[in-house]
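Survey of secondary and tertiary structure
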Amino acid sequence: VQLQAFGGGLVQAGGSLRLSCAASGDTFGRYAAGWFRQAPGTEREFVAAVSRGGTITRYADSVKGRFTIARDNAKNTMFLQMNGLKPEDTAVYYCAAKFTVAGAYYVTQRDYNSWGQGTLVTVSS
């Protein structure tokens with residue numbers, strides 16, 4: 001499956017953004033998916049994950065309660081709703097997917113084999 005992330009931009013602290021990840025080339029509902037991010041000078045880190053049916057989600061502690069991951073398999077799209085943004089959320093955000101069984105989700109990047117190109121989120125203080 002091919003992935004394309006979009007929706008990043010510049011937002012003030014406390015604001016909101018909604019990232020989208022469009023999938024093509026296969027049935028997205030066969031894939032668990034997730035979001036990762038990489039700030040300048042740091043390693044890529046886990047943000048959120050969702051099972052292929054969308055019923056199971058997991059979040060990094062740093063975003064829990066502020067970010068929501070969701071998916072619409074009929075539209076081959078995944079979302080990351082980001083509220084209460086902080087300057088430390090500034091990063092390039094990547095979506096990822098892995099062909100898997102129902103109920104599975106993944107929080108480490110080495111588990112994923114399909115990646116989008118990334119979209120930049122900048123949060124000003």
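Model, not experiment: these values are computed from the prediction.

1. Observations regarding the overall build of the protein chain
If you tally the helices and strands in the protein chain, you get zero helices and 11 strands. Reading the protein chain from its N end, one meets helices and strands in the order β-β-β-β-β-β-β-β-β-β-β. For 125 residues, the compact-globule estimate of 2.2 N^0.38 gives 14 Å, and the protein chain sits close to it at 13 Å. Taking all 125 residues of the protein chain together, 45% fall into the buried category. Restricting to contacts in the protein chain with at least 6 residues of sequence separation, those with at least 24 account for 59%. Here the protein chain holds 13 positive side-chain charges and 8 negative ones, and the gap between their average locations is 6 Å.

2. What to know about the nonpolar core
Within the largest apolar cluster, 38 residues are counted, with the highest numbers of intra-cluster contacts made by Trp 35, Met 78, Leu 80, Met 82 and Tyr 93. Those elements that place two or more of their residues in this core are β1 (2-6), β3 (17-24), β4 (31-38), β5 (45-50), β7 (67-72), β8 (77-82), β9 (91-99) and β11 (119-124).

3. Thoughts on the pairing of β5
Most of β5 sits inside the fold, with five of its six residues counted as buried. Relative to β5, β4 runs antiparallel, the two sharing five bridges. The partner of Arg 37 across the bridge, within β5, is Glu 45. The antiparallel pairing of β4 with β5 creates a hairpin that spans six residues between the two strands, and Gly 41 there sits at a positive phi of about 80 degrees. Where β5 hands over to strand β6 (residues 57-59), the hairpin turn is made up of six residues, of which Gly 54 adopts a positive phi near 85 degrees.

4. Here we look at the pattern of salt bridges
Two side chains with opposite charge may pair up if their charged atoms get near one another. In this structure the tally under the stated criterion is five salt bridges. In this structure, Lys 64 and Asp 61 form a salt bridge, with 3.1 Å as the shortest nitrogen-oxygen distance.

5. Let's talk about the pairing of β7
The two faces of β7 differ: Phe 67, Ile 69 and Arg 71 on one face are buried, but Thr 68, Ala 70 and Asp 72 on the other face are not. Alignment of β7 against β8, held across six bridges, turns out to be antiparallel. Residue pairing across strands places Ile 69 opposite Leu 80, the latter belonging to β8. Between the end of β7 and the start of β8, which pair antiparallel, lie four residues, with Asn 76 showing a positive phi angle near 50 degrees.

6. Topic: the state of the cysteines
Tallying each qualifying case throughout the model produces one disulfide. The disulfide partner of Cys 21 is Cys 95, and the S-S distance across this bridge is 2.2 Å. Between Cys 21 and Cys 95 the disulfide shows an S-S torsion of about 70 degrees. By sign, it is right-handed. In this pair, Cys 21 sits in strand β3 while Cys 95 sits in strand β9, placing the two residues 74 residues apart along the sequence. Residue class for Cys 95 comes out buried when judged on its relative accessible area of 0%.

The rules we used
- Residues numbered from 1 in each chain as written.
- Predicted model: local features only at pLDDT ≥ 70, side-chain atom pairs only at ≥ 80, totals over all residues.
- Heavy atoms only, no water.
- Helix = DSSP H or I, 4+ residues; strand = E, 2+ residues; numbered from the N terminus.
- Rg over C-alpha atoms; globule rule 2.2 N^0.38 Å.
- Buried < 20%, exposed > 50% of the residue type's maximum accessible area, 1.4 Å probe, protein only.
- Contact = heavy atoms within 4.5 Å.
- Lys, Arg positive; Asp, Glu negative; His and termini not counted.
- Charge placed at Lys NZ, Arg CZ, Asp CG, Glu CD.
- Core = buried A, V, L, I, M, F, W, Y, C linked by side-chain atoms within 4.5 Å.
- Pairing = 2+ DSSP bridges.
- Salt bridge = Lys/Arg side-chain N within 4 Å of Asp/Glu carboxyl O.
- Disulfide = S-S within 2.5 Å.

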